[in-house]
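So the chains spell out like this:
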Amino acid sequence: MVPPMQYVRIRFRADNPGVWLLHCHMDIHFTMGMAMTFVEAPEMLRKSVNVPPEMLDMCSALGVGARGNAAGNMDFNLDGLPPLPTIVPAA
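Because the structure is predicted, anything quoted here is derived from the model rather than measured. (Residues numbered from 1 in each chain as written. Predicted model: local features only at pLDDT ≥ 70, side-chain atom pairs only at ≥ 80, totals over all residues. Heavy atoms only, no water.)

(A) Summary view of the overall build of the chain. Across its full length, the chain carries 3 helices and 2 strands. Each helix and strand of the chain, placed in order from N terminus to C terminus, yields the pattern β-α-β-α-α. At 17 Å, the chain has a C-alpha radius of gyration far larger than the 12 Å of a compact globule built from 91 residues. Dimensions of the chain, computed from C-alpha atoms along their principal axes, come out at roughly 50 × 30 × 30 Å. (Helix = DSSP H or I, 4+ residues; strand = E, 2+ residues; numbered from the N terminus. Rg over C-alpha atoms; globule rule 2.2 N^0.38 Å.)

(B) Expanded view of the confidence of the model for the chain. Residue-level pLDDT values for the chain average 80, and 95% of them are 70 or greater. Ranking the elements of the chain by mean pLDDT puts helix α1 (residues 27-31) last, at 77, and helix α3 (residues 53-62) first, at 90. (pLDDT = per-residue confidence, 0-100.)

(C) Examining a nonpolar patch on the surface more closely. On the surface, a cluster of nonpolar side chains totalling about 640 Å² of accessible area is made up of V49, V51, M55, L56, M58, L62 and V64. Here L62 is to be found in helix α3. (Patch = residues over 30% accessible without salt bridge, like charges linked within 9 Å, V, L, I, M, F, W, Y side chains within 5 Å. Areas by Shrake-Rupley, 256 points an atom, 1.4 Å probe, with all protein chains shown as cover. Salt bridge = Lys/Arg side-chain N within 4 Å of Asp/Glu carboxyl O.)

(D) Fine view of α3. Of all the 10 residues making up α3, 0 are buried; the element is thus mostly uncovered. G63 lies just past α3 and shows a positive phi near 75°. (Buried < 20%, exposed > 50% of the residue type's maximum accessible area, 1.4 Å probe, protein only.)

(E) Representation of the environment of F38 within the structure. Examined against the element boundaries, F38 turns out to sit in strand β2 (residues 35-40). For F38, a relative accessible area of 28% corresponds to the partly exposed category. Sequence spacing of F38 and N73 is 35 residues, and the spatial spacing of their C-alpha atoms is 17 Å. If sequence neighbours within four positions are ignored, F38 has contacts with F12, G18, V19, W20 and L22. (Contact = heavy atoms within 4.5 Å.)

(F) Main features of unusual backbone geometry. With a phi close to 65°, M5 is a non-glycine residue in the positive phi region. Counting through the fold element by element, M5 comes out in the segment before β1 (18-23). The phi dihedral of A41 is positive, around 60°, even though this residue is not glycine. The exposure class assigned to A41 is buried, which follows from its relative accessible area of 15%.

What follows is the structure, encoded as structure tokens:
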């Protein structure tokens, strides 16, 4: 168990291309946004995964970007991401 206001480092061999979800075993944490995705080998995925046009239409209708990275930019430019949360020290 990780104590409050602490963290864990995870090291793993990233050799399995795809989009992988990491989250706690407690579902309530998942709904609170306490999950993350790893995108392993994005260049390989771009060449091998075709998103159906219906899905792209749905993203467009919802105003969700369907190109680039998490910030909607191409390559590794992360300008435009929301600010990171501020860690408040325990009292």
